[in-house]
Amino acid sequence: MANLKHTVQRKAFSAAIDIALKRLNKDRQKGLLEIVDLAQKFMGDNFSAEAYDGARAIIKNPDHKWMRFVNTMLDELHPNVAKMTALNLGFEAAFYGTKQIRKNRDIYNCNIPWLILMDPTSACNLRCTGCWAAEYGYKLNLTFEEMDSIVTQAKELGVYFYMFTGGEPLVRKADIIKLCEKHRDCAFHSFTNGTLIDEEFCKKVQELGNLSFSLSLEGFEEANDGRRGEGIFQKVLHAMDLMKEYGLFFGTSVCYTRKNMDAVTSDEFYDLMIDHGCRYAWYFHYMPVGNEADVELMPTMEQREYIYKRLREVRALEGGKPIFLMDFQNDGEFVGGCIAGGRNYFHINANGDAEPCVFIHYSGANIRENTILECLQQPLFQAYRDNQPFNDNMLRPCPMLENPEMLQKMVKETGAKSTDLQSPETAEHLCGKCEPYAAEWKEHAEKIWSEHPFEKKGYKNYKK
C-alpha cells in the first residue's frame, strides 16, 4: 500500500511539473510561482513557511540577482534535465526520502543519511599532487552489482541521492550510466576531473536527466596544470562548454589551500566559471590526510576568516555573483555541524569500506560483509551519532580538523581500523597534524561566532 501511494504521488508530481515547465515558456513568473506552490503542497514543513514566501518574493522581482540566475539556468538547462532534477532531487530525495529517513532513524536507532558517497574505482587517468584518493591505491573497484546493491538497499531506507568520487569516477562511466538508467527515480552526482567528458557522453546524460557533475578546478591555468598536468585546465573548460551546450546541470569543486586562496575567491575566477555554465561551486578545506600530507598547505587563520566572509559576500541576496557557493567546512550553521557518520552522508570507498567521511579513512564495516544498515549501525558511526555535534560553535564542526581529540577517542573506543591501503595512518598521527591548527582556529572561530549576526541554527542531538 505504501509503495502504491508513493507511485501515485510521483506520477502526480511528475504531471504537475510537466504543466509548470510548459507554462514557464509562456509566463515564467506564473510558472515559477506554481512550482513553489507545488513544492509547498508536497514538501510542507520540510521547509519553513518563510522559505517559501522568500522564494515567491524573489520570483516577483525580475531584477533580483537570484531571479536572473534562475532565468539563465532555465534558458540553458535541457527540459529533461530540469524535469528529472525537480522530480528526483526534489520529490524523491527532499520530500519522500526525507520522510522515510526520519522514520527509519527511530526504527533502527542509528543515523540514516540523506545521500551516500561512493567510489566506483580508485583508478584515475591523472596523478594530481596531494590527492587524498591516491592513498587507496589505483587498483580497487566496486562492481556494478555492488553499486546496484548499495542503491537498492539504501532506497529501502529512504536514500535517493548518490554521489561518486574516486579515483576518477568516469573511468567507469559505462557502469555509472547503467546505474542511472536502472534507478531512474534517483539523483546521481559525480565529482570529476572533467577530462573524460565527450560529446557522446553528454548526449547520453541529457537523455537520462538524472546525473549532474562537479568539475575540479583549483585556480587558473598555471596553478591548475601545475598540480594536475599540462593542458588539463583547457580540457576542463572544453568539457564545461560541451555540457553547457547540451543543457546539463554542473558546477565546480574547489579545494582551497594556503597557496590558491586568492585565485579561487577572485571575481575573475567566479566570472570564468559563470561564463562556462557553472551554477554552483563546492569549496573544500584542504585536509592533511595521509602520512605524507603537507601541513603547510593548510590555510592560515586569516585566510580561513577571509573565505568565511568572502563566500557569504559572493552568494548574498544582493551584490556578489550569480553562482551558488557551498563551503563544506564553514557552512556548518546551515546543517548543524558535522554531517558525517551517516547523519546526512557517509562514504564507501572502492574497497567497500564504509567510512564516516570522505576525508576520514577509518571503518569497522564493509559492504562485502555487511548490509548498508549494518554499516550504519557499526560502532564508529554510532559514536558519531552519540557525539554530534562535536562543538556548539558551528565554525568548529569537524572531529578531525577542529576537534581532533574527538576522532582519536572514537576510533580508539570503537576499534575502527585504517582503510588506507597504501600507507595506513593512525588516528593519533592524523589528528596530531591538526592539533596546532585547531587550537589556533578556536580563538578566531569563537570571536566570529560570538559576533554572528544571524540566528545560530545549531543541531540538537535528539539522543541527548
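The rules behind the values
Residues numbered from 1 in each chain as written. Predicted model: local features only at pLDDT ≥ 70, side-chain atom pairs only at ≥ 80, totals over all residues. Heavy atoms only, no water. Helix = DSSP H or I, 4+ residues; strand = E, 2+ residues; numbered from the N terminus. Rg over C-alpha atoms; globule rule 2.2 N^0.38 Å. Buried < 20%, exposed > 50% of the residue type's maximum accessible area, 1.4 Å probe, protein only. Contact = heavy atoms within 4.5 Å. Areas by Shrake-Rupley, 256 points an atom, 1.4 Å probe, with all protein chains shown as cover. Lys, Arg positive; Asp, Glu negative; His and termini not counted. Charge placed at Lys NZ, Arg CZ, Asp CG, Glu CD. Phe/Tyr/Trp six-rings, centres within 6.5 Å; stacked < 30°, edge-to-face > 60°. Lys NZ or Arg CZ within 6 Å of the ring centre and 35° of its normal. Pairing = 2+ DSSP bridges. Axes fitted to C-alpha atoms, helices over the stretch in contact; angles between N-to-C directions. Disulfide = S-S within 2.5 Å. Parallel < 35°, antiparallel > 145°, perpendicular 65-115°, else oblique. Left-handed = near helix turned anticlockwise from the far one by under 90°. Nonpolar A, V, L, I, M, F, W, Y, C, P; charged D, E, K, R; others polar.

If you look the chain up in an unreviewed UniProt entry, it shows as Radical SAM protein from Brotonthovivens ammoniilytica.

Counting secondary structure elements, the chain contains 18 helices and 11 strands. For the chain, whose C-alpha radius of gyration is 21 Å, the value lies close to the compact-globule estimate of 23 Å for 464 residues. By its C-alpha atoms, the chain is 60 × 55 × 45 Å across when sized along the principal axes. Burial analysis of the chain (464 residues in total) assigns 58% to the buried set. Once local pairs closer than 6 in sequence are excluded, the contacts in the chain between residues at least 24 apart make up 74%. Only carbon and sulfur atoms are counted for the fraction: they give 53% of the accessible area of the chain, which is about 19800 Å². For the chain, the distance from the average position of its 56 positive side-chain charges to the average position of its 66 negative side-chain charges is 7 Å.

Right, let's get into the packing of aromatic side chains. Scanning all chains against the criterion turns up 22 aromatic pairs. Centre to centre, the rings of Phe249 and Tyr280 are 5.4 Å apart; their planes meet at 70°, and the pair counts as edge-to-face. In this pair, Phe249 is assigned in the loop between α10 (232–245) and β5 (250–256) and Tyr280 in strand β6 (residues 280–285), connecting sequence segments 31 residues apart. Tyr280 carries the same exposure label as Phe249, and that label is buried. With a centroid separation of 5.5 Å and 70° between ring planes, the pair formed by Phe346 and Phe381 is classed as edge-to-face. Here Phe346 is found in strand β8 (residues 345–348), whereas its partner Phe381 is found in helix α16 (residues 379–387), with 35 residues between them in sequence. As far as the burial class goes, Phe346 and Phe381 line up, both buried. Linked through ring pairs, Phe191, Trp282, Phe284, Phe328, Tyr345 and Phe359 together constitute an aromatic cluster. Over the aromatic face of Phe144 sits the side chain of Lys178, whose NZ or CZ is 4.2 Å from the ring centroid.

Another point: the sheet that holds β6. Strand-to-strand pairing in sheets goes through backbone hydrogen bonds, with the strands running parallel or antiparallel. Strand order across the open sheet formed by 9 strands is β7-β6-β5-β4-β3-β2-β1-β8-β9, with mixed pairing between neighbours. The sheet is open, and its two edges are formed by β7 (324–327) and β9 (354–355), each paired on a single side. Pairing geometry for β5 and β6, over 5 bridges, is parallel. Bridge pairing links Val254 to Tyr283 in β6. Contacting β5, β6 and β7, helix α13 (residues 301–314) runs over the sheet at an angle of about 150° to β7.

With that settled, consider unusual backbone geometry. Cis geometry is found at the peptide bond from Gly166 to Gly167, where omega equals 20°. Relative to the helices and strands, Gly167 is located in the loop between β2 (161–164) and α7 (173–182).

Any covalent bond linking the sulfur atoms of two cysteines counts as a disulfide. Throughout the structure, instances matching the rule amount to 0 disulfides. Cys186 supplies the cysteine sulfur nearest to Cys180, a cysteine that is in no disulfide, at a spacing of 9.1 Å. The class for Cys180 is buried, based on a relative accessible area of 0%. Note on Cys186: relative accessible area 0%, which makes it buried.

Glancing now at the environment of Glu245. Looking at where Glu245 falls in the secondary structure, it is placed in helix α10. When the C-alpha positions of Glu245 and Glu146 are compared, they lie 33 Å apart, and in sequence the two are 99 residues distant.

With that out of the way, let us pick up the packing of α7 against helix α8 (residues 199–208). Running from amino to carboxyl end, α7 crosses α8 at an angle of 15°, the nearest separation of the two axes being 10 Å. One element, α7, and the other, α8, form an angle in the roughly parallel class. The element α7 and its partner α8 pack so that their crossing is left-handed. Within the contact between the two elements, α7 uses Lys173, Ile177, Cys180 and Glu181 and α8 uses Phe201, Lys204, Val205 and Leu208. A class-by-class count of the residues in the contact of α7 with α8 yields 5 nonpolar, no polar and 3 charged.

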